[in-house]
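Chain and residue survey
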Amino acid sequence: MSTVPGAERRQPGAAAAALFSAIVPGWGQVYVGLSRIAYALFVVNMLLFTGLVLLLGPLQLEAVKLWVSPNALLAIMGFNIAVLVYRTFAVAGAYRAATVGPRGWADGIGMVAAVGLLVIPHLVLGLFAWTQYDLIRSVFSPKTPVVADTTTTSSTTPESTTTLPGSTTSQPDSTTTTTIPTTTIPPVWDGLDRLNIVLLGADAGVGRTGVRTDTTIVVSIDPSNGEVAMISVPRNLSNVPLPMGMGTWDCNCFPDLLTHLYDAAERNPSAFPGPNEPWFNAIKGALGELLGIPIHYYAMVTLDGFVGVVDALGGVTIDVPKTIIDPTYPHENGSTVRVEIQAGRQHLDGHMALAYARIRRPSDDFARMHRQRCVLGAVIEQSSPLEILLNFPKLATAVKSSVTTDIPQDRLVDFVDLLPKISTDRIGSLRIDRSYVVSTAPGRTYYDLVRIKSEATLLMEDPVAARDRLGLGSLDAACDQSFD
């Protein structure tokens, strides 16, 4: 009886061959002696590995952009399936080329391990990509309307200007005949000195009637250098000015508290025209008039949503300057509980972080606004990419159910470009305190609106001068102080 040379010395098992190629495509082929196929697979592996190294290294920012683009996420899901097919081919080829003999328990374990290594990574990546895709499509507004492909015939063709939300771009005259597709869209801040976003905390939920924007923070970003001005606007500010054409009051203002403006717009939507829902038109318009700037975008999170986001990130660490106690704190679930947050470095879960940002009974709105800025800064600073990745499904669920924004899906990549420029030590924070109050009346607090606008403008235009003249520190430094 003839035998294959070397067969007695080497009887590679199918399970082992499959497992080896599940770990590294081509390794199983080396094990069974298919060197030429193994070499081809190793070449493909090297290309895939090089691409991964680039995305995790010098192209990391571009990788993040892919992660916030719906179309790119669909491509990632397709590529994930393609790589799964490639790896399945390598595993199946190694298995078929190996000797299949009597199977024992070790072979069974090997095959289970091979199938797990083959399938699980792709299931996880597919789940994460689909979750991100669903999150972006659910939370962020539809794609920004853009002009059709531009056309040109020569460098001297007259141009007309088309204005996009948050940016300005040019479209050549429509009478031209030679069409050259242009896919480059200018960044969202193109033509802007600053990009302005209002962050809202909605006090709506169990036991509450209507929506009150109890947290209002305007974030103004200089896209050229990443300088950030953060301005907390008091919830009890009365007579906030309104743009021409908004409202129904002779004072051209909202004569109630700012926190009630959202609800007023819900009850009288026709009085607040604009591109968004009337309540967001009202808030963006009022804050724009107050500070003398256009408010380009808004983002609003509900109380329970904030709790979910902080919990999904594993909590947040806060340096508490002074012990805070509220014996009758209104829990977000509608109950009343006693809350005590001791001075010192504290790691707070979502509920306690929200309480730290909301409590005002033993102090006042001014101290609360200060703490809100500190909590927001801490969450941003401590949200490492690894934590976000590990807790991504829970984080996505919390955001999807509680965040509303008009930031367009197709402009998220622009915000990614800003990330490397921004750090908490470059966030200037304007704290509007009691010294801005000029008079009070039952249920009303009137502020020096001229001073607010002047100092906010100074902070945005010249952060260094503002810090010296107004005695403003960085957000990190200010959070070491207590205003309770």
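Residues numbered from 1 in each chain as written. Predicted model: local features only at pLDDT ≥ 70, side-chain atom pairs only at ≥ 80, totals over all residues. Heavy atoms only, no water.

Comments concerning the sheet that holds strand S5 (residues 228-232)
Stated precisely, the cut-off is as follows: Strands are treated as partners if at least two bridges between them are detected by DSSP. Secondary structure elements follow DSSP: runs of H or I of four or more residues count as helices, runs of E of two or more count as strands, with numbering from the N terminus. As a rule, the C-alpha atoms of each element are fitted with a line to give its axis, helices using only the stretch in contact, and angles between N-to-C directions run from 0 to 180 degrees. The contact definition used throughout considers only heavy atoms, calling two residues in contact when any of these lie within 4.5 Å.
If you walk across this open sheet you meet the six strands as S13-S8-S3-S4-S5-S14, and the pairing is mixed. The sheet is open, and its two edges are formed by strand S13 (403-405) and strand S14 (427-431), each paired on a single side. When strand polarity is set aside, the average angle formed by the axes of neighbouring strands in this sheet is 20 degrees. Each of strand S3 (195-202) and strand S8 (297-302) touches helix H9 (residues 303-312); the most contacted strand, S8, lies at about 85 degrees to it. In this fold helix H13 (residues 392-402) packs onto S8 and S13, with an angle of close to 60 degrees to the strand it touches most, S13.

Section: helix H1 (residues 14-23)
Each turn of an α-helix holds 3.6 residues, which means side chains three or four residues apart point in the same direction. Condition: Under the scheme applied here, a residue whose accessible area is under 20% of the maximum for its type counts as buried, over 50% as exposed, and between as partly exposed, the area being computed with a 1.4 Å probe on protein chains only. Think of it as the arc spanned by the lines of direction from the helix axis to the C-beta atoms.
Regarding H1, the residues found buried are Ala14, Ala15, Ala17, Ala18, Ser21 and Ala22. Seen end-on, H1 carries its buried residues on one side only, within an arc spanning 165 degrees.

A short note on the nonpolar core
The criterion, for reference: Here the nonpolar core consists of buried residues drawn from Ala, Val, Leu, Ile, Met, Phe, Trp, Tyr and Cys, with membership extended through side-chain atoms lying within 4.5 Å.
Among the nonpolar cores identified, the biggest contains 57 residues, and Ile318 and Tyr356 are the most heavily contacted of them. Leave out the neighbours within four places in its chain, and Tyr356 touches Ile318, Asp319, Val320, Pro321, Ile324, Ile341, Leu348, Arg371 and Val375. Counting residues in hydrophobic clusters, the runner-up holds 45 residues, among them Leu237, Ala271, Tyr298 and Met300.

Observations regarding the pairing of S5
Put simply, side chains in a regular strand alternate between the two faces of the sheet. Most of S5 is tucked away, with five of its five residues classed as buried. Burial along S5 is two-sided: Val228, Met230 and Ser232 and Ala229 and Ile231, pointing in opposite directions, are all buried. Between the end of strand S4 (residues 213-221) and the start of S5, which pair antiparallel, lie six residues, with Gly226 showing a positive phi angle near 80 degrees. The sheet contact formed by S5 and S14 spans five bridges and is parallel. By the bridge assignment, Met230 is partnered in S14 with Ser429.

Some remarks on a nonpolar patch on the surface
In plain terms, the rule: Grouping into patches uses exposed residues only, defined as over 30% relative accessible area, and leaves out salt-bridged ones; the cut-off is 9 Å for like charges and 5 Å for nonpolar side chains (Val, Leu, Ile, Met, Phe, Trp, Tyr). Accessibility throughout is a Shrake-Rupley quantity obtained with a 1.4 Å probe, and a residue counts as covered only by protein chains that appear here. Every case where a carboxyl oxygen of Asp or Glu lies within 4 Å of a side-chain nitrogen of Lys or Arg is listed as a salt bridge.
Taken together, the side chains of Ile23, Val24, Trp27, Val30, Phe42 and Leu117 define a hydrophobic patch exposed on the protein surface, amounting to about 490 Å² of accessible area. Mapped onto the elements of the fold, Leu117 is located in helix H6 (residues 105-139). Leu117 gets classed as partly exposed once you look at its relative accessible area, which sits at 39%.

Some remarks on the pairing of S8
Across the six residues of S8, five count as buried, placing the element largely inside the fold. Judged from the six bridges that link them, S3 and S8 form a sheet pairing that is parallel. Among the inter-strand pairings, Ala202 is bridged to a residue of S8, identified as Thr302. Of the strand pairs in this sheet, S8 and S13 are connected by three bridges, and their pairing is antiparallel. The residue bridging Ala299 from the neighbouring strand is Thr405, located in S13.

Considerations on the packing of aromatic side chains
Counted only if it meets this: Pairing of aromatic rings covers Phe, Tyr and the six-membered ring of Trp, with a centre-to-centre limit of 6.5 Å; geometry is then stacked below 30 degrees between planes, edge-to-face above 60, and tilted otherwise. To sit over a ring, a charge needs its Lys NZ or Arg CZ within 6 Å of the ring centre and within 35 degrees of the ring normal.
Scanning all chains against the criterion turns up 11 aromatic pairs. Residues Phe20 and Tyr31 carry aromatic rings whose centres are separated by 5.1 Å and whose planes lie at 90 degrees to one another, so their mutual orientation is edge-to-face. Of this pair, Phe20 sits in helix H1 while Tyr31 sits in helix H2 (residues 27-32), and the two are 11 residues apart along the sequence. Between Trp249 and Phe272 the ring centres are 6.4 Å apart and the planes differ by 45 degrees, which places this aromatic pair in the tilted class. Note that Trp249 is positioned in the loop between strand S6 (238-241) and strand S7 (253-257) and Phe272 in the loop between helix H7 (261-267) and helix H8 (278-291), a separation of 23 residues in sequence. Look at Trp249 and you get partly exposed, because its relative accessible area is 28%. The structure contains a cluster of three or more aromatic residues connected by ring pairs, namely Tyr262, Trp279, Phe280 and Tyr298. Seen from the ring of Tyr356, Arg371 lies directly overhead, with NZ or CZ sitting 5.6 Å from the centre. Cation over ring: Arg451 sits above Tyr436, and NZ or CZ is 3.7 Å from the ring centre.

Digging into the side chain of His351
For His351, the location among the structural elements is in helix H10 (residues 350-358). We classify His351 as buried; its relative accessible area is 17%. Beyond its immediate stretch of four places on either side in the chain, His351 contacts Val307, Tyr329, His331, Glu332, Val337 and Val339.

Considering the state of the cysteines
Each disulfide consists of a covalent bond between the sulfur atoms of two cysteine residues. Put simply, the test is: Note on disulfides: each one is a pair of cysteine sulfur atoms within 2.5 Å.
Taken as a whole and assessed by the stated rule, the structure comprises one disulfide. The disulfide that involves Cys251 links it to Cys253, with 2.0 Å between the sulfurs. Negative torsions about the S-S bond denote left-handed disulfides, and the value of about -95 degrees found for Cys251 with Cys253 makes this one left-handed. Taking relative accessible area as the criterion, Cys253 reaches 5% and is therefore assigned buried.

Remarks on the confidence of the model for the protein chain
Put simply, the rule is: Summary of the metric used: pLDDT quantifies the predictor's per-residue confidence within the range 0 to 100.
In this model, the protein chain carries a mean pLDDT of 82, and residues with pLDDT of at least 70 account for 84%. Considering each helix and strand of the protein chain separately, the mean pLDDT is smallest for strand S1 (residues 159-164), with a value of 35, and largest for H8, with 95. Across residues 1-10, where pLDDT falls below 50, the model places five contacts with residues more than four positions away in sequence or in other chains. Between residues 145-183, whose pLDDT stays under 50, and residues either more than four places distant or in other chains, the model counts 58 contacts.

Digging into the pattern of salt bridges
Where charged atoms from two side chains of opposite charge come close, those side chains can pair. Taken as a whole, this structure holds 12 salt bridges when the rule is applied. In this structure, the salt-bridge partner of Glu62 is Lys65, at a minimum N-O distance of 3.5 Å. Here the residue Glu62 and the residue Lys65 both occupy positions in helix H4 (residues 60-67), the gap between them amounting to three residues, near one helical turn. Judged by relative accessible area, which is 17%, Lys65 ranks as buried.

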